[in-house]
Amino acid sequence: MADIKVVGVVGSGQMGSGIAQLAAVDGLRVWLFDTDPIALSRATNSISNSVHRLIAKGHLTQVENGEVLQRLHCTTNMEDLSEADIVIEAIVESEDVKKKLFQDLDKITKRSAILASNTSSISITRLASATTRPCQVIGMHFMNPPPIMKLVEIVRGADTSDETFNVTKALAERFGKKVICSQDYSGFIVNRILMPMINEAFSTLYTGVATKEDIDTGMKLGTNHPMGPLELADFIGLDVCLSIMRVLHAGLGDSKYAPCPLLVQYVDAGRLGRKRGIGVYNYAKATELAKPSPSSKL
């Protein structure tokens with residue numbers, strides 16, 4: 001397995017574009033793939049703006065900025081990923097969708113390529129089973145936003161080889177990240193702990209124990225968290241939180257992981273958080289929506 005020189009990234013949302021930026025800034029050639037050309041255009045603008053902020057802070061020069069953008073190639077043709085040494089997917093948190101993607105990548109990429117998933121909860125072993133190279137499939141879970149957060153959670157599937165693990169770990173460390181390693185269990189490390197806390201915050205709101213503001217303030221000032229759990233859920237995306245809770249509930253079989261009805265209701269109503277302008281909090285207006293009673297309809 002050769003050194004990583006070309007990185008493919010699938011999905012040009014906040015996670016995918018952030019991962020692509022990390023690789024390009026590090027000097028690697030990057031292919032950023034998405035089926036939506038508008039999303040790719042947004043990603044390019046986001047990366048350019050982020051790099052300019054690095055220049056303003058003295059972390060990059062104008063010359064380096066030009067080189068970074070030259071190393072970034074956006075494409076709507078998946079075949080362009082064929083030369084990648086590693087492909088990192090950062091698409092919707094759906095096992096079926098990811099499995100289909102891994103089947104396609106298995107056919108397109110060279111036999112030596114590593115296939116990595118940025119999944120925050122889905123079994124790497126099951127994703128690997130969709131390929132003919134399970135020893136080269138691994139979880140590489142970046143925190144959001146990838147250029148800023150210092151952690152990468154690496155998850156080995158049942159068949160992930162030592163070589164695949166070592167190459168992936170070295171790449172994360174090359175990006176300046178601290179690596180933690182998890183076994184392939186539902187939720188891994190971070191979300192196994194974080195999502196039940198967020199879910200419990202929703203239950204605390206749902207049962208009327210406190211207002212959303214007091215719940216978030218309590219956790220920020222009482223436990224020194226930079227964001228309250230409800231604010232953080234809006235930042236992550238309530239649909240993502242719900243998806244992870246369902247993976248935990250199904251995978252671990254314990255009722256304590258059952259998603260809070262209020263979280264389900266918000267997602268059903270399309271209140272997905274910051275990306276939709278409304279979640280627990282209303283980001284589209286100065287006045288936030290009042291919490292509905294448990295029996296009310298949205």
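Residues numbered from 1 in each chain as written. Predicted model: local features only at pLDDT ≥ 70, side-chain atom pairs only at ≥ 80, totals over all residues. Heavy atoms only, no water.

- Looking at an unreviewed UniProt entry, the protein chain carries the name 3-hydroxybutyryl-CoA dehydrogenase, with the source organism given as Cannabis sativa.

**Some points on the overall build of the protein chain**
At step 1: From N to C terminus, the protein chain includes eleven helices and eight strands.
At step 2: Taken over the C-alpha trace, the protein chain has a radius of gyration of 20 Å; the compact-globule value for 298 residues is 19 Å, and the two agree within 12%.
At step 3: Expressed along its principal axes, the backbone C-alpha trace of the protein chain runs to roughly 55 × 45 × 35 Å.
At step 4: Put simply, the protein chain has 298 residues, and 49% of those count as buried.
At step 5: When the accessible surface of the protein chain is totalled, it reaches about 13700 Å², and 53% of it is carbon and sulfur.
At step 6: Averaging the coordinates of the 32 positive side-chain charges in the protein chain and doing the same for the 32 negative ones gives two points 2 Å apart. (Helix = DSSP H or I, 4+ residues; strand = E, 2+ residues; numbered from the N terminus. Rg over C-alpha atoms; globule rule 2.2 N^0.38 Å. Buried < 20%, exposed > 50% of the residue type's maximum accessible area, 1.4 Å probe, protein only. Areas by Shrake-Rupley, 256 points an atom, 1.4 Å probe, with all protein chains shown as cover. Lys, Arg positive; Asp, Glu negative; His and termini not counted. Charge placed at Lys NZ, Arg CZ, Asp CG, Glu CD.)

**So, the domain arrangement of the protein chain**
At step 1: What the domain assignment reports for the protein chain is domain 1 (6–183) and domain 2 (191–283).
At step 2: Measuring from the centre of the C-alpha atoms in domain 1 to the corresponding centre in domain 2 gives 27 Å.
At step 3: Contacts between domain 1 and domain 2 engage seven residues on the former and five residues on the latter.
At step 4: Taken together, both faces of the contact between domain 1 and domain 2 bury some 520 Å²; the carbon and sulfur share is 53%.
At step 5: The largest per-residue losses of area from domain 1 upon contact with domain 2 belong to Glu93, Ser120 and Ser121, which jointly make up 60% of the total buried on that side. (Domains from an automatic or database assignment. Contact = heavy atoms within 4.5 Å. Buried area = accessible area lost by both parts, 1.4 Å probe.)

**Some words on unusual backbone geometry**
At step 1: Following Asn144, the chain continues into Pro145 via a peptide bond in cis, with omega recorded as 0°.
At step 2: Considering the arrangement of structural elements, one finds Pro145 in the loop between β6 (137–142) and β7 (151–156).
At step 3: In this structure, Asn224 is a non-glycine residue whose phi angle is positive, near 65°.
At step 4: Along the chain, Asn224 falls in the loop between α8 (212–223) and α9 (229–236).
At step 5: We classify Asn224 as exposed; its relative accessible area is 69%.

**Details of the side chain of Asp216**
At step 1: Relative to the assigned elements, Asp216 resides in helix α8.
At step 2: One buried charge, Asp216, has no salt-bridge partner; the nearest side chain with opposite charge is Lys220, at 6.1 Å.
At step 3: If near-sequence neighbours (up to four positions away) are discounted, Asp216 is found in contact with Gly228, Pro229, Leu230, Glu231 and Tyr281. (Salt bridge = Lys/Arg side-chain N within 4 Å of Asp/Glu carboxyl O.)

**Some thoughts on the packing of helix α10 (residues 238–252) against helix α11 (residues 261–268)**
At step 1: Direction vectors running N to C along α10 and α11 enclose 135°, while the axes themselves pass 9 Å from each other. Regarding the angle of α10 to α11, the classification is oblique. As α10 runs across α11, the sense of the crossing is left-handed. Facing Leu238, Asp239, Cys241, Leu242 and Arg246 of α10, the residues of α11 in contact are Leu263, Val264, Tyr266 and Val267.
At step 2: In terms of residue class, the contact of α10 with α11 is built from seven nonpolar, no polar and two charged. (Axes fitted to C-alpha atoms, helices over the stretch in contact; angles between N-to-C directions. Parallel < 35°, antiparallel > 145°, perpendicular 65-115°, else oblique. Left-handed = near helix turned anticlockwise from the far one by under 90°. Nonpolar A, V, L, I, M, F, W, Y, C, P; charged D, E, K, R; others polar.)

**Quick look at the side chain of Thr131**
At step 1: Tracing the sequence through the fold places Thr131 in the loop between α5 (124–128) and β6.
At step 2: Take Thr131: its relative accessible area is 10%, and that puts it in the buried class.
At step 3: Of the polar contacts made by the side chain of Thr131, one reaches the backbone oxygen of Ala128; its length is 2.8 Å.
At step 4: Setting aside its immediate chain neighbours within four residues, Thr131 contacts Phe102, Asp106, Leu115 and Val137. (Polar contact = N/O pair within 3.5 Å; in protein donor to acceptor, adjacent residues only side chain to side chain.)

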